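# Secondary and tertiary structure notes
One-letter residues, chain by chain:
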Amino acid sequence: MRRSRSPLLLAGALLLAAAGSGSGLGAGAQELSDEQLSGVKARLAEGATHSWEIGTRAQALIEFDTPSYSVLNNSALPPPQGSPPSSLDEVISIAQGVVQNRTKANVQGAQPLVDAGGGAAGDPPSIGVAVLLANWTGSGDEYGAAAADQLAFILEKVPKTDDGAISHRTEQVQLWSDFVYMVPPFLAYYGVLTKNQSLVQQAYDQCRLYRKYLVDDDAGGMWKHILLGTNTDSGHWSTGNGWAAAGMLRVLGTIQHSQYAKSMKNQAKDLTNWVAEIHNGIYPHLRTNSLFGNYADDSAAFDDASSTAILASTVYRLALLSGIHTHLPLAEQCRKALSTPASSTASSSSSSSVSASSSSTTATAPASSASSTTAPSTLAHFTSDMWLTPVVNPNQFGIEGSRSPEGQAFVVEMYAAWRDWVAQGSPGANAAARLGGSERGGLLRRAGWACCGVALTLLYGV
């Protein structure tokens, strides 16, 4: 004889289904706390040793700690001269360390700010904005001299393509998408501070030329990673697309907030369109766990939280600089996924990987493969000491790593961009809420009706 089931079971299932059909049930906190973000920044400070990591750290700190000095905010350029606010102390300290090391080595003439490790000419200029800020705010004449030598080196000593694209490498003409984050923002900022519009135009031209070579129209506008020379990589590396979008946004912000805003409106429009083009090409490949694969359109590639963070940051920035809100729902999904508690979802880190590329990398030191902590983490995508995970190896872009200083910087930049977006009234948030709510609601509805089906089966055997 069939046992009787309580009507309360059916009522509970129906209640869940009804709740799911509404705007969605409340979820756990999906924002990093101030303490957690401090942990991210502390690991970044410990891990940033290569030139591009140091430069990216400096940029992330400017955006997060002193947004009024960031080209991505609405503050007019050039920034105030004179004694800098204390919130810039870390950035000035980074510049100081770089310039002091240069002075000790008695470096003179057209030279990079630091040794272009392994021939990566495009990486040292990433520190250039920090050095320019130190000079601009009165830290000493040696900073201006160091920046001038770096400018001369990148413009005069580094090889170029026939149409003027500056090589990312010194030993051969080779174009890397990474370059767009490192060099054009330095050129643009230098031009604004020195009232040299031709340098700002040069920054735009480098973005234009790099896009000409690297954009893949057959892939919806995503960029290839490395072209020309030997050991190329024509894959659509997710972090490379993030580097390119973020670099072009910094050039765009520099133009928009400078004395050249009116005369360079067409250039600003192009930059806006080129960033949106990357977004339109890459976001259709976002995985169901709200992370990108290391190569966006390669289903065998491992999940990569690092590129997910930098790309999300560029969506918020594009919304603020150009009023384009198309991908805000997905950026919000990504930010929340990266910030979700461990109890909410299992980590999406995958054991699958792609073959290591044989291409030369910008540094030769391997990333640590040791586990960063043995303590359980309360977050799905961070270790207990706040290293982002899973991440691409920052020194070997084809394999998964364990610690990525650039990934740490990308998280800081993502939260700085999100905070600024919220402070401006979350423009485009209604679209994000509609899509986000619809998707969450759909999941809840399916879960609710599934429970309802279980209840009916228990009650009536149907």
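Below or above, wherever it landed, is the structure these notes cover. Note that this is a predicted model, so its numbers are computed, not measured.

End to end, helix α10 (residues 238-256) covers 27 Å across 19 residues, agreeing with the expected 27 Å (1.5 Å per residue, within 8%). Of all 19 residues making up α10, 18 are buried, and the element is well covered by its neighbours.

A word on the environment of Ser-322. One can find Ser-322 in helix α12 (residues 305-322). As for Ser-322 and Lys-269, which are separated by 53 residues in sequence, their C-alpha atoms are 8.7 Å apart. Ser-322 has contacts with Leu-252, Gln-256 and Thr-272, leaving out every residue within four places of it along the chain. At a separation of 2.9 Å, a polar atom in the side chain of Ser-322 contacts the side chain of Thr-272.

Moving on, we come to the packing of helix α3 (residues 51-65) against helix α14 (residues 405-423). At a closest axis distance of 9 Å, the pairing of α3 and α14 adopts a crossing angle of 20 degrees. Taken as axis vectors, α3 and α14 run roughly parallel relative to one another. Considering how the two elements wind past one another, α3 and α14 form a crossing that is left-handed. Seen from α3, the contacting residues are Trp-52, Glu-53, Thr-56, Arg-57, Gln-59, Ala-60, Glu-63 and Phe-64; seen from α14, they are Pro-405, Glu-406, Ala-409, Phe-410, Val-412, Glu-413, Tyr-415, Ala-416 and Arg-419. Each residue belonging to the contact of α3 with α14 can be placed in one class, and the counts come to 9 nonpolar, 2 polar and 6 charged.

The rules behind the values
Residues numbered from 1 in each chain as written. Predicted model: local features only at pLDDT ≥ 70, side-chain atom pairs only at ≥ 80, totals over all residues. Heavy atoms only, no water. Helix = DSSP H or I, 4+ residues; strand = E, 2+ residues; numbered from the N terminus. Expected span 1.5 Å × (residues − 1). Buried < 20%, exposed > 50% of the residue type's maximum accessible area, 1.4 Å probe, protein only. Contact = heavy atoms within 4.5 Å. Polar contact = N/O pair within 3.5 Å; in protein donor to acceptor, adjacent residues only side chain to side chain. Axes fitted to C-alpha atoms, helices over the stretch in contact; angles between N-to-C directions. Parallel < 35°, antiparallel > 145°, perpendicular 65-115°, else oblique. Left-handed = near helix turned anticlockwise from the far one by under 90°. Nonpolar A, V, L, I, M, F, W, Y, C, P; charged D, E, K, R; others polar.

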